[in-house]
Amino acid sequence: MQNIVNALVLGSSYVMIAVGLTLVYGILKILHIAHAGIYAFGALFAVYLCELGLPLVFAIVLSLIFSSLLGAFIYKGFYKHVLDRGRIVPLVMSVGLFATLEDLYRLIWGPYKRPFDAYIGLPDVMSPTLYLSSKGVLMLIVTAVVIVLLYLLLMRTKLGKSLRACSNDLSLAGAFGINTDRSVTFAFLIGSSLAALGGILVGLYDNTVYPTMGSVPSYKAFVVVVLGGFGSIKGAVLASYILALVETFVVYYFGFLLPRDAIAFLTMILLLMFKPEGLFGKVRR
Amino acid sequence: MSLDYFLTVSVFTMINMILALSLNILTGYAGQVSLGHAAFFGIGAYTSAVLTVKLGMGYWPALLLSVLISGLVGLLLGLPALRVKEDFLVLATIGVNFVVVSIFNYVQFFGGPYGILGLPRPSLFGHAFTTKEYALYVLVWTLVVVFFVKYLSNTYSKLGFDALREDEDAAESVGVSSPRYKMYAFAIAGLLAGLAGNLWAHYMTVVFPDNFSFPVSIGILTMVVIGGVGTLVGPMIGAVIVTVLPEVLRFARDYRMLIYGLIIVFTMFFMPKGIVGSIKGLMFGDTPLGKKRVEKIRRIAST
């Protein structure tokens, strides 16, 4: 039972970063590694604002706004100009951006781990067989709310409709009069703020933030995106939890030799061998 | 600047050249983007380390075996590439890199995070190579690799790779066996990267798992892309830039990695075909700017 709860919290942290990545991938088909740079930015900036003396909620909101603007800037300033130049160019550019961002954080906020101490008005869940800190509770609640809101946004609003159309076929959507550039920008805005929210929640949960905190999630999120079948939001959400469960249980029951990150990748490679289009992916031709 | 420092930087540059050329066969020629090339590099280095330190083998048989084994592993790791393509392949290779490094890191036999120490320098007729001689030895191998790649790019196989890169389905439909050429490309790339790993390991005389982690793979891809994908000289120029630039930027201390990252970003921004590719484009009119230039020359010539 404790394992399941741990896995749920872990999976929630994957959901946040993977959903944004799926939005971006689904539309532009580029591997946006710098996404994890925004994840780190959200957490670091929120901590910085808290240290300046702002109340937590205000700091988080401000950090989310700035992170989404940073994400949109990355699209408008960089990716947009290299989209027609094959797959490798945006990929390498993204890698360069990620390195630049991480180093920028190190220069601005120092290379140290900082505590993210904040009081949250939620109770700890404690019983003889189960322990879940208030921060874990917060993570589960926020993720649930985000998933519901995202579902409503994608399925019920005009913006969601245009986003779905774009992810189906970008040029065709453009031909039908959808302002694709605006839709993509919105995808980056939404995705980046979700990544930042994920960074903040993980920072709160682990009680540390540091400039390179995005490194592991950047690759991990891709595992989730692949497992979910590129571009499927529903798949990404389910895959996050499945991956977290697999990792947690394999580590717990088998005392496996390899660390959990390697297990995640091994799962992905095996899955790709048997189902190259991901768990919930469609074969695209 | 001392001689030893200069020699070390040039040895690293040459080893990176071999790595970049080997990835270029895979990515530039055959179109299979790999972000796990450091895994092959690591397998070459670790095989040689295990053979010489743990099993007490001499350097020369270990060289042969490590190159062959990494080629073989390359062939095996090429298997996922038969099933997946494009971005899935990129992610699968990232995964391979992670798994390989974790095996080095967590299996006691490979020394865990402490790596394997005390690799011997190669010796010829009972005389162990000095640093200077080792640099020459690496130079010889680099030249061999350059000539091999040059030779390869004039063979029928290169045409197969080209077909694979341009359009896999179309290549299949005219009778180019895509699995065969994919495996072929992976095997050659693994072979050459294994050679680079061997050279690297016996120069450093130690191997650590961290030396072969994912950022190294990114570095290798960066060399290829900055220099010019699919060209012969490009990856070599890229290797020089990526290896030497951080050294040159040492004066900038804190801003070193920042400048390095920005150079990558802006090279992609202004020269998406890499340095060599962009110069070629300028000369032969492959890029908008080059087209304008060629038009101008034609106009002048016609009057």
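Please read these numbers as outputs of a predicted model, since none were measured by experiment.

Calculation notes
Starting from 1, residues in each chain are numbered consecutively following that chain's sequence as written. Labels follow written order: the first chain is A, the first ligand is 1, and so on. With pLDDT at 70 or above as the cut-off, local features in this predicted model cover only qualifying residues; side-chain atom pairs require 80 or more to be listed or tallied, and sums for whole chains, interfaces and linings still use all residues. The basis for every side-chain value is the complete set of non-hydrogen atoms in the structure, without hydrogens or water. By the criteria applied, helices consist of DSSP H or I runs no shorter than four residues and strands consist of E runs no shorter than two, each listed in order from the N terminus. Our radius of gyration looks at C-alpha atoms and nothing else; its globule reference is 2.2 Å times the residue count to the power 0.38. We call two residues contacting when some pair of their heavy atoms lies within 4.5 Å. Here the open area of atoms and residues is found with the Shrake-Rupley method and a 1.4 Å probe, where only the protein chains shown may cover a residue. Counting rule applied: Lys, Arg positive; Asp, Glu negative; His and chain ends not counted. For charged residues, the charge sits on one atom: NZ in Lys, CZ in Arg, CG in Asp, CD in Glu. A pocket, in this scheme, is an open set of points on a 1 Å grid over the protein atoms alone with protein on both sides within 12 Å along at least 5 of 7 lines, while a cavity is a set where a 1.4 Å probe fits but cannot get out; residues line either one if an atom lies within 4 Å of a point. Grid points are joined across faces, edges and corners, and a volume is the space filled by probe spheres set on the points. Lys, Arg, Asp and Glu make up the charged group, whereas Ala, Val, Leu, Ile, Met, Phe, Trp, Tyr, Cys and Pro make up the nonpolar group; the residues left over, Gly among them, are polar. Any N or O atom pair separated by 3.5 Å or less is treated as a polar contact, with the protein-specific requirement of one donor-capable and one acceptor-capable atom, and with residues adjacent in sequence counted only for side-chain atom pairs. Per residue, pLDDT captures the predictor's confidence, and it can take any value from 0 to 100. For this analysis, a salt bridge means a side-chain nitrogen from Lys or Arg found within 4 Å of a carboxyl oxygen belonging to Asp or Glu. Burial here depends on accessible area, computed with a 1.4 Å probe over protein chains only, as a share of the maximum for the residue type. Under 20% is buried, over 50% is exposed, and the range in between is partly exposed. Residues qualify for a patch when their relative accessible area is over 30% and they have no salt bridge, like charges being joined within 9 Å and the nonpolar side chains of Val, Leu, Ile, Met, Phe, Trp and Tyr within 5 Å. Working definition of a nonpolar core: buried Ala, Val, Leu, Ile, Met, Phe, Trp, Tyr and Cys residues. They are joined through side-chain atoms within 4.5 Å. Accessible surface is computed with a 1.4 Å probe, and the buried area is the amount of it that two parts give up when combined, taken over both parts together. Note on ring pairs: Phe, Tyr and Trp rings are taken, using the six-membered ring of Trp, and paired if centres are within 6.5 Å. Classes follow the plane angle, with under 30 degrees stacked, over 60 edge-to-face and the rest tilted.

**Q** Please give an account of the overall build of chain B that cites residues and values.
**A** Each helix and strand in chain B was counted, giving 13 helices and 2 strands. In summary, chain B has a C-alpha radius of gyration of 20 Å against a globular reference of 19 Å for 303 residues, a match within 12%. Its C-alpha atoms put chain B at 75 × 50 × 40 Å along the principal axes. Across chain B, contacts joining residues at least 24 apart in sequence account for 75% of those joining residues at least 6 apart. Only carbon and sulfur atoms are counted for the fraction: they give 69% of the accessible area of chain B, which is about 13,500 Å². Of the side-chain charges in chain B, 21 are positive and 15 negative, and the distance between the mean point of each set is 7 Å.

**Q** Tell me about the layout of surface pockets, residues and numbers included.
**A** Residue and element names in this part refer to chain B. Counted as a void, the second largest pocket has a volume near 1,600 Å³. As for the second largest pocket, its lining consists of 49 residues, and the residues nearest its centre are D210, S213, F214, P215 and V216. Looking at the lining of the second largest pocket, the element that brings in the most residues is helix α9 (residues 214-227), giving 8 residues. Here the lining of the second largest pocket is built from residues that sort into 30 nonpolar, 12 polar and 7 charged.

**Q** An account of the side chain of T52 of chain B is needed here, citing residue identities and associated values.
**A** Residue and element names in this part refer to chain B. On the secondary structure map, T52 appears in helix α2 (residues 37-54). Looking at T52, its side chain comes within polar contact range of the main-chain oxygen of A49, at 3.4 Å. Contacts of T52, omitting those with residues within four sequence positions, involve M57, G58, Y59, A62, L119, P120 and H202.

**Q** Hey, could you go over the confidence of the model for chain B for me, with residue numbers and the actual values?
**A** Where the model shows low pLDDT, its predicted coordinates should not be examined in detail. Overall, the prediction assigns chain B a mean pLDDT of 83, with 97% of residues at 70 or greater. Predicted complex, confidence summary: ipTM 0.76, pTM 0.82.

**Q** For unusual backbone geometry, give the residues involved together with the corresponding values.
**A** Of note, N207 of chain A is a non-glycine position whose phi angle comes to about 65 degrees, a positive value. The topology assignment puts N207 of chain A in the loop between α8 (180-206) and β4 (208-209). Positive phi is not limited to glycine here, since T205 of chain B has a value of about 65 degrees. Inspection of the secondary structure puts T205 of chain B in the loop between α8 (178-204) and α9.

**Q** A description of the pattern of salt bridges should follow, citing residues and the corresponding values.
**A** Where charged atoms from two side chains of opposite charge approach closely, those side chains can pair. Residue and element names in this part refer to chain B. Summed over the entire model, instances satisfying the criterion amount to 9 salt bridges over all chains. Here E166 and R165 are joined by a salt bridge, their closest N and O atoms 3.1 Å apart. E166 gets classed as exposed once you look at its relative accessible area, which sits at 58%. Here R298 makes a salt bridge to E295, at a shortest N to O gap of 3.6 Å. Of this pair, R298 and E295 are both found in helix α13 (residues 288-302), 3 residues apart, which corresponds to roughly one turn of the helix.

**Q** Account for a positive patch on the surface, with residues named and values stated.
**A** Judged by side-chain charge, K158, K161, R164 and R182 of chain A come together as a positively charged surface patch. Looking at which element gives the most residues to the positive patch, the answer is helix α6 (residues 158-168) of chain A, with 3 residues.

**Q** Any chance you could break down a nonpolar patch on the surface for me, citing the residues and the numbers?
**A** Taken together, the side chains of I141, V145, V148, L149, Y151, L152 and M155 of chain A present a nonpolar region at the surface, about 630 Å² in accessible area. Topologically, Y151 of chain A is positioned in helix α5 (residues 134-156).

**Q** Which residues make up the nonpolar core, and what are the values?
**A** Nonpolar side chains in soluble globular proteins generally cluster together in the buried interior. If you look at the biggest cluster of nonpolar residues, it comprises 189 residues, and the most contacted ones within it are Y79 of chain A together with L199 and V207 of chain B. With 15 residues, helix α1 (residues 2-28) of chain A is the single largest residue contributor to this core. Beyond its immediate chain neighbours, meaning those up to four positions away, L199 of chain B contacts I15, I18, Y59, Y134, Y137, V138 and W141 of chain B.

**Q** Provide a residue-level description of the interface of chain A and chain B, including the pertinent values.
**A** Taken together, the contact pairs 40 residues of chain A with 39 residues of chain B. Overall, the association of chain A and chain B removes approximately 3,600 Å² of surface from exposure, summing both partners, and the carbon and sulfur fraction of that is 80%. The largest contributions to the chain A side of the interface with chain B come from I88, V92 and M273 of chain A, which together make up 14% of the buried area. Joining chain A to chain B, the criterion identifies 0 salt bridges. Across the chain A-chain B interface, the total number found is 1 residue pair in polar contact (both at pLDDT 80 or more). Elements with a contribution of two residues or more to the side of chain A that touches chain B: α3 (56-82), α4 (88-109), α9 (215-227) and α11 (260-274) of chain A. The leading source of residues in the side of chain A that touches chain B is α4 of chain A, at 13 residues. For the side of chain A that touches chain B, the residue count by class is 29 nonpolar, 4 polar and 7 charged.

**Q** Give a description of the packing of aromatic side chains that names residues and reports values.
**A** This structure, assessed with the given rule, holds 35 aromatic pairs over all chains. With a centroid separation of 6.3 Å and 65 degrees between ring planes, the pair formed by F78 of chain A and F266 of chain B is classed as edge-to-face. A residue pair is termed interchain when its members come from two chains, as with F78 of chain A in helix α3 and F266 of chain B in helix α11 (residues 256-270). Take F78 of chain A: its relative accessible area is 11%, and that puts it in the buried class.

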